[in-house]
Amino acid sequence: MNMRISGVQAEPGGDVTITFVPHGYEVQGIHMETRMENWYERVFRSRYVFSALIGSAVFGFLAILAGDQGASSTAQTLIFAPGIVGIAYALLWLVASRIVVLTSAAQTLRQADYKHHPAHTIHQAWVHQSPGALAITVRHADGTQVRYTATGPAAPALGQGFHHLLGPRLIAY
């Protein structure tokens with residue numbers, strides 16, 4: 001059984017992805033680079049950048065028309081101000097895309113920080129379900145303890161994975 005669950009919060013550890021593998025589970029932390037990529041994809045969607053550039057062209061054209069009609073340079077600047085913001089947004093997109101590419105390249109050069117936890121090293125696990133969330137506390141044989149919390153569609157998958165892995169060693173509270 002290989003099941004991968006993203007969007008899990010580990011305490012300690014922060015955002016993680018858990019993959020259930022035969023005879024255990026693996027945990028991978030979410031890197032700063034991945035967070036940056038997610039932010040970049042939300043803020044700089046292609047349609048936003050193209051809309052900003054088209055808007056800049058329209059406001060530039062309107063500023064030129066206003067100048068032809070005898071408007072002052074101050075009025076032309078005020079008309080073109082939204083266009084300036086659009087151009088600044090497009091330039092910011094250009095810089096951010098380069099940063100994301102460089103950090104993604106650095107991430108691929110780094111080894112993944114997978115932590116493999118064989119099932120036999122798990123001493124006990126407790127599950128607590130609340131409306132819309134599931135928390136599983138795992139105590140390993142070496143005494144370390146981690147709490148994994150998931151919400152939404154990741155919650156039942158997390159519970160399923162640990163139930164399949166641990167069976168009667170998973171205790172509800």
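Let me sum up the structure you'll find in this document. (Residues numbered from 1 in each chain as written. Predicted model: local features only at pLDDT ≥ 70, side-chain atom pairs only at ≥ 80, totals over all residues. Heavy atoms only, no water.)

With that settled, the discussion passes to the packing of aromatic side chains. Considering all chains together, one arrives at 5 aromatic pairs under this definition. Residues phenylalanine 20 and tyrosine 25 carry aromatic rings whose centres are separated by 6.2 Å and whose planes lie at 40° to one another, so their mutual orientation is tilted. One aromatic cluster in this structure is built from Phe20, Tyr25, Tyr148 and Phe162. (Phe/Tyr/Trp six-rings, centres within 6.5 Å; stacked < 30°, edge-to-face > 60°.)

The next point concerns unusual backbone geometry. For residues besides glycine, phi is generally negative; the peptide bonds are generally trans as well. Geometrically, the link from glutamate 11 to proline 12 is a cis peptide bond, its omega value of 0° lying close to zero. One can find proline 12 in the loop between β1 (3–11) and β2 (14–21). With a phi angle near 70°, histidine 23 is a residue other than glycine that sits in the positive phi range. Turning to its location among the elements, histidine 23 is positioned in the loop between β2 and β3 (24–29). (Helix = DSSP H or I, 4+ residues; strand = E, 2+ residues; numbered from the N terminus.)

We now examine the sheet that holds β1. Within the open sheet, the 8 strands sit side by side as β4-β3-β2-β1-β7-β6-β5-β8. Their pairing is mixed. Lying at the two open borders of the sheet, with one neighbouring strand each, are β4 (115–118) and β8 (170–172). Neighbour-to-neighbour, the strand axes of the sheet open up by a mean angle of 30°, direction not taken into account. As defined by bridge partners, strand β5 (residues 122–130) adjoins β8 across 3 bridges and the pair is classed as parallel. Note that in β8 the partner of alanine 125 across the bridge is leucine 170. Where helix α4 (residues 154–166) meets the sheet, it contacts β1, β2, β3, β5, β6 (133–140), β7 (145–151) and β8, and its direction lies at approximately 30° from that of β6. (Pairing = 2+ DSSP bridges. Axes fitted to C-alpha atoms, helices over the stretch in contact; angles between N-to-C directions. Contact = heavy atoms within 4.5 Å.)

By themselves, these are just geometric observations and shouldn't be taken as functional.
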